[in-house]
Structure formats: C-alpha cells, structure tokens
Amino acid sequence: MAVLNDEQVMLRDMAREWADNESPVSAFRKLRDAAPAQGFDPDAWNAIGQMGWAGVVVPEEHGGSAFGYLSMGLVLEQLGRNLAVSPLASVAPAATAIAMGSDESVKGEWLPKIAGGEVVVALAVDEGPHHDPLNLQTIVTDGKLTGTKAFVAEGDGAQAFVVAAQDGLYLVTDEAGVTRSTRKMADMRSHAEVRFEGATAVKLGGPELTAAVVDRATALACAEMLGMAESAFHQTNDYLKTRVQFGQPLATFQALQHRMAKMFTELELMRSTVEAALEAVDAGRSDLDQAVSLAKATASDTLKLISREMVQLHGGIGMTDEYDAGFYMKRSAVLEAMWGNAAYHRERFARLNDY
C-alpha cells in the first residue's frame with residue numbers, strides 16, 4: 001500500500017466524503033434516467049473544479065496544484081466507489097498531454113481552464129473495437145486532421161480533443177470539421193464516435209508523447225476500477241452478513257467464506273499494482289509501461305471477478321435494476337476493454353520483457 005503524505009490523506013478523505021454525500025450511486029441512477037446530452041452533471045463537474053481536483057495534475061504555473069498521479073488516483077478511486085459520473089479520468093491525461101507538449105501558447109490558454117473545471121477536454125485514441133495505439137489511420141496534412149475515433153469517453157460534451165494521429169498527438173479545439181455520434185454503451189456513460197474531417201489541429205508532440213499519455217490514462221482507469229472493486233466487495237460482504245437463509249446468515253457458510261477470502265486477497269493484490277503504477281508515473285520510472293500493464297491486467301481480472309460475484313452472491317435481487325450490483329458489472333465490462341483488456345496487457349508486459 002502506498003505511503004500517503006498529509007495532503008494526500010486530506011485529499012482522499014475529502015473526495016470520499018463528497019462522493020458519499022453528493023454523488024452516491026443513487027445520483028448515478030438519476031443521471032442515467034435523465035440522460036443529459038453531455039453525459040454528466042454540469043453542477044457536479046463545476047463542484048469538482050471548485051475543489052481543485054481538475055487541476056491535480058496541472059502544473060502550478062498554469063493554475064493547478066501539481067499533486068501528481070497518485071493523488072489523482074486517490075480521487076478517482078473514491079469517485080469509483082459510488083460510480084460517480086465525472087469527466088475527470090478523461091480530462092486529466094488530456095491535461096498532461098498539453099502540459100508535456102511543446103506548444104506554450106496552448107498551455108497558457110487551455111491548462112488554466114482545465115484546472116478550474118471550466119472545460120472538458122477528451123482524449124481520442126482508438127479507432128476500432130480493440131485498443132491498438134500502434135495502428136492508427138488518422139493523419140494530419142497542412143495542419144488539418146482527418147480520421148475517425150470509435151470510442152471517445154466524454155466525447156459528447158467535450159469542448160476540445162487531444163487526438164492521436166500517426167505522427168503524434170494533436171489538439172483540436174474548433175468544431176469545424178468535427179462530427180460526433182453518441183454510442184450507447186452498457187455503462188450508460190458518455191462515449192462517442194468522433195469523426196474529424198479536415199479539422200484544424202495544433203501538434204503537441206510525437207508518438208512518444210502518445211505512448212506516455214496513454215499509459216497515464218490507463219493508470220487512472222485502474223484507479224477507478226480499484227474503487228469500484230473495493231465498494232463491490234464490501235457491499236457483498238455486508239449483504240452476506242445480513243441475509244438469512246436456512247435460519248442462519250449467509251456469511252456463516254464456509255463455501256461463501258472461501259469465495260469472499262479469494263476476492264479479498266485479489267483486491268489487496270490489485271491495490272498494490274495500481275498504486276505502484278501511479279507512483280511510477282510520479283517518479284518518472286523507466287519501467288512505467290510495465291507497471292501500467294501489470295496494473296491493468298490485474299485490475300481487469302479482479303474487477304471482473306468481484307463485480308460478477310457481487311451479482312451472483314446477491315442472488316435474484318442482484319439481477320434486478322432495482323439493486324446496484326448490475327451497475328458495477330456493466331461499468332466493469334467497459335473499463336476492462338478501455339485502454340486494453342487483460343489479455344492485451346499480459347501480452348504487452350511479456351513483449352516489454354522480451355519473453
């Protein structure tokens with residue numbers, strides 16, 4: 001488990017309190033039923049901006065706090081516990097792309113807006129049904145970007161896009177040449193197909209920047225998955241302690257105790273790999289790519305296990321929309337595929353180690 005400083009402990013506790021009080025799972029249910037066009041609650045996003053969370057990875061000279069990726073992961077973990085709907089996991093790596101980029105005017109214009117929660121900038125990378133950042137067809141000719149991104153998280157309400165092309169990352173801020181088509185996914189969150197046809201683009205950096213930003217986006221997805229897994233585990237454990245069958249609580253049945261024990265050990269392993277990946281980002285370690293792939297493979301397998309066990313161990317009620325278990329399983333399915341599934345990252349980890 002990561003050793004947190006006082007500021008990180010305060011940030012984590014504040015995020016947990018806000019998520020529990022202002023964005024419980026019931027808030028997600030209401031948002032799902034309301035189906036706003038942008039896919040999130042603007043008031044909640046404004047509150048996140050005011051609390052400074054949108055600027056956690058933004059440099060101080062541009063209005064952020066530069067607390068780092070472990071700190072951002074702590075926030076997303078707490079939001080993930082309650083399935084809080086927020087563009088934060090997409091905006092943070094997009095902000096990093098701008099901050100690590102070479103265009104100073106872009107930094108001065110966009111980073112303060114991101115830090116204040118004034119805008120949503122989405123990261124657009126994948127072009128097909130599977131994560132494959134090394135096989136991109138998007139091209140830029142004379143400052144005009146052309147290509148299609150199949151699944152862009154927060155693409156419905158974004159004011160700008162950080163787009164991966166064959167030769168690196170670009171920022172697209174003008175709606176001219178940009179067409180969005182909403183995709184309905186199992187988790188009922190914002191996902192859009194975004195088509196760029198001669199859109200004006202500013203280059204941020206080359207393919208090495210794309211790789212660095214994708215790794216950071218993957219690490220943050222793992223942090224959200226960690227929060228979901230922790231919450232799903234504890235909800236299931238609490239249910240087994242209170243549900244009585246054959247005259248005794250389900251938690252007294254040895255077979256179910258074994259299943260919960262397995263989930264607990266897998267959850268602890270997941271936490272160690274996810275926090276290690278976030279710390280690797282902050283430390284600038286040379287094995288960051290390996291740490292991220294290890295975390296994503298572990299997180300995908302563990303959340304899949306726990307979310308499905310949550311549904312099954314709740315029995316019939318776990319299959320109903322009236323209960324929250326299905327929400328965790330559906331969001332899990334999307335996050336497992338996002339930025340590469342477990343099989344992709346196991347293969348990548350092997351390749352990075354020359355296996």
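Note that the structure is predicted; figures quoted are calculated from it, not measured.

J.: Explanation requested: the environment of V214 in the structure shown.
T.: Tracing the backbone through its elements, the reader meets V214 in helix α7 (residues 207-242). The class of V214 is buried, set by a relative accessible area of 7%. Taking the C-alpha atoms as reference, V214 lies 22 Å from A2; in sequence the two are 212 residues apart. If sequence neighbours within four positions are ignored, V214 has contacts with V125, H131 and W339.

J.: Would you take a moment to explain the nonpolar core for this structure?
T.: The biggest cluster of nonpolar side chains holds 112 residues, and the ones touching the most others in it are L88 and V162. A total of 17 residues in this core trace back to one element, the largest contributor, which is α7. In this structure L88 touches W45, I48, W53, A54, M72, V75, L76, L79 and P93, once residues within four positions along its chain are discounted.

J.: Explain the packing of helix α5 (residues 88-100) against helix α6 (residues 104-115) to me, please; I cannot follow it from the model alone.
T.: Helix-helix packing is characterised by the crossing angle of the two axes and by the distance between the axes. Packing of α5 against α6 brings their axes to within 10 Å, and their N-to-C directions diverge by 155 degrees. One finds that α5 runs roughly antiparallel with respect to α6. Crossing geometry of α5 relative to α6 is assigned as left-handed. Judged by residue contacts, V91, A95, I98 and A99 of α5 engage V106, K107, W110, L111 and I114 from α6.

J.: In this structure, what is going on with the packing of aromatic side chains? I would like to understand it.
T.: In this structure the tally under the stated criterion is 4 aromatic pairs. Ring centres of W18 and W53 lie 5.7 Å apart, and the angle between their planes is 90 degrees; this geometry places the pair in the edge-to-face category. Here W53 lies in the loop between α3 (42-50) and α4 (69-81) and W18 lies in helix α1 (residues 6-22), a separation of 35 residues in the sequence. Residues F161 and F196 carry aromatic rings whose centres are separated by 5.6 Å and whose planes lie at 85 degrees to one another, so their mutual orientation is edge-to-face. Taken together, the positions of F161 in strand β4 (residues 160-165) and F196 in strand β7 (residues 191-200) put the pair 35 residues apart, joining distant regions of the chain. Both residues of the pair, F161 and F196, belong to the buried class.

J.: Quick question: what am I supposed to make of the sheet that holds strand β5 (residues 168-172) here?
T.: Neighbouring strands of a sheet are bound in pairs by backbone hydrogen bonds; such pairs are parallel or else antiparallel. Pairing is mixed in the open sheet, where 4 strands are placed in the order β1-β4-β5-β8. Among the strands making up the open sheet, the edge pair consists of β1 (121-124) and β8 (202-205). For this sheet, the mean angle separating the axes of adjacent strands, direction not counted, is 25 degrees. Two elements, β1 and β4, share 4 bridges in a ladder whose sense is parallel.

J.: Please clarify how the sheet that holds β7 should be interpreted in this entry.
T.: Taken in spatial order, the 4 strands line up as β2-β3-β7-β6 in an open sheet, and their pairing is antiparallel. The open sheet is flanked by β2 (139-141) and β6 (178-183), the only strands paired with a single partner. Pairs of neighbouring strands in the sheet enclose a mean axial angle of 15 degrees, with direction left out of account.

J.: Teacher, can you tell me more about the packing of α7 against helix α8 (residues 254-283) here?
T.: Orientation of α7 relative to α8, taken along the N-to-C sense of each, is 155 degrees, at an axis distance of 9 Å. With respect to each other, α7 and α8 are oriented roughly antiparallel. The handedness of the crossing between α7 and α8 comes out as left-handed.

The rules we used
- Residues numbered from 1 in each chain as written.
- Predicted model: local features only at pLDDT ≥ 70, side-chain atom pairs only at ≥ 80, totals over all residues.
- Heavy atoms only, no water.
- Helix = DSSP H or I, 4+ residues; strand = E, 2+ residues; numbered from the N terminus.
- Buried < 20%, exposed > 50% of the residue type's maximum accessible area, 1.4 Å probe, protein only.
- Contact = heavy atoms within 4.5 Å.
- Core = buried A, V, L, I, M, F, W, Y, C linked by side-chain atoms within 4.5 Å.
- Axes fitted to C-alpha atoms, helices over the stretch in contact; angles between N-to-C directions.
- Parallel < 35°, antiparallel > 145°, perpendicular 65-115°, else oblique.
- Left-handed = near helix turned anticlockwise from the far one by under 90°.
- Phe/Tyr/Trp six-rings, centres within 6.5 Å; stacked < 30°, edge-to-face > 60°.
- Pairing = 2+ DSSP bridges.

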